[in-house]
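# Report on the structure
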Amino acid sequence: MSQENVEIAQRLYESWAHEEFPGPPELLDGDIEYVNPDGAIEPGVRSGLAAFTAAIDKLFEGWSSWKMEPERFSAVGDQVAVVVRYRATARTSGVEVEGRESALLTVRDGMITRYEWFHGPDDALKAVGLEE
């Protein structure tokens, strides 16, 4: 099951690499939760596919591009921790930024039911007990 969950997470990031947002509909649960961490511009939990899509759309209000390159996928039970390198270009200034962050995806019955991102690249690993 864990390998299947990793493959589902990989498919999500592959779709995003091709600018297919919010991702493959067959992988996104209609009640998906999107979680912004404390310290994010809009922290908190959003529920439902419409809210997940809106959160992604909101990202592109400030950024003309946002590319994510997964570096590591680690499965623990029904969760997949993903360490990501990102590169982005600000919409108005054209300033380019890059860095690393992480996300924790919960997968149930072949569907992503929760997407939680973290500021730090090791935070998702720590959340599932995989200390770096």
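Structure: above.
First, a word on what this report is: a plain description of the structure on this page. The written sequence of each chain sets the order in which its residues are numbered from 1. Local features are withheld for residues below a pLDDT of 70 in this predicted model, meaning they are given only at 70 or higher, and side-chain atom pairs are given and counted only at 80 or more; totals for whole chains, interfaces and linings count all residues. By convention in this description, side-chain values take in all heavy atoms of the structure and omit both hydrogens and water.

## Section: the layout of surface pockets
The line we're drawing: Cavity and pocket criteria rest on a 1 Å grid covering protein atoms alone: a 1.4 Å probe that fits but cannot get out defines a cavity, protein on both sides within 12 Å along at least 5 of 7 lines defines an open pocket, and an atom within 4 Å of a point defines a lining residue. Grid points are joined across faces, edges and corners, and a volume is the space filled by probe spheres set on the points. Labels follow the DSSP assignment, with helices taken as runs of H or I lasting at least four residues and strands as runs of E lasting at least two, numbered in each case from the N terminus. For this classification, the nonpolar set comprises Ala, Val, Leu, Ile, Met, Phe, Trp, Tyr, Cys and Pro, the charged set comprises Asp, Glu, Lys and Arg, and every other residue, Gly included, is treated as polar.
One number sums up the size of the largest pocket: a volume of about 800 Å³. As for the largest pocket, its lining consists of 27 residues, and the residues nearest its centre are Tyr 34, Leu 59, Trp 63, Trp 66 and Trp 117. The element that contributes the greatest number of residues to the lining of the largest pocket is helix H2 (residues 49-62), accounting for eight residues. Of the residues contributing to the lining of the largest pocket, the split by class is 17 nonpolar, three polar and seven charged.

## Focus: unusual backbone geometry
Negative phi characterises most residues that are not glycine, and trans characterises most peptide bonds. Between Phe 21 and the following residue, Pro 22, the backbone shows a cis peptide bond with an omega angle of 10°. With respect to the helices and strands, Pro 22 occurs in the loop between helix H1 (2-17) and strand E1 (28-36). If you check the backbone angles, Glu 19 has positive phi at about 55° while not being a glycine. Tracing the backbone through its elements, the reader meets Glu 19 in the loop between H1 and E1.

## Some thoughts on H1
As a reminder, the rule being used: By this rule, a helix spans an expected 1.5 Å times one less than how many residues it contains. Type-normalised accessible area, obtained with a 1.4 Å probe on protein chains alone, sets the label of each residue: buried when under 20%, exposed when over 50%, and partly exposed for intermediate values. By the convention used here, residues are in contact when the closest approach between their heavy atoms is within 4.5 Å.
In this model H1 runs 23 Å from its N-terminal to its C-terminal C-alpha over 16 residues, within 8% of the 22 Å that 1.5 Å per residue would give. Of the residues making up H1, those classed as buried are Asn 5, Val 6, Ile 8, Ala 9, Leu 12, Tyr 13, Ser 15 and Trp 16. Looking at the buried side of H1, the elements it contacts are E1, H2, strand E3 (63-76), strand E4 (79-90), strand E5 (96-108) and strand E6 (111-118). Once H1 ends, the next one or two residues include Glu 19, with phi positive near 55°.

## What to know about the pairing of E4
Keep this limit in mind: At least two bridges found by DSSP between two strands are what make those strands a pair.
With respect to burial, E4 is a largely interior element, nine of its 12 residues being buried. Across 12 bridges, E3 lies against E4 in antiparallel orientation. If you follow Val 76 over to E4, its bridge partner there is Gln 79. Hairpin connection, E3 to E4: the antiparallel pair is bridged by two residues, and Gly 77 has positive phi, about 60°. Pairing analysis gives 11 bridges linking E4 to E5, with the strands arranged antiparallel. Along E5, the bridge assignment pairs Ala 88 with Val 97. What sits between E4 and E5 in their antiparallel hairpin is a turn of five residues, with Gly 94 showing a positive phi close to 80°.

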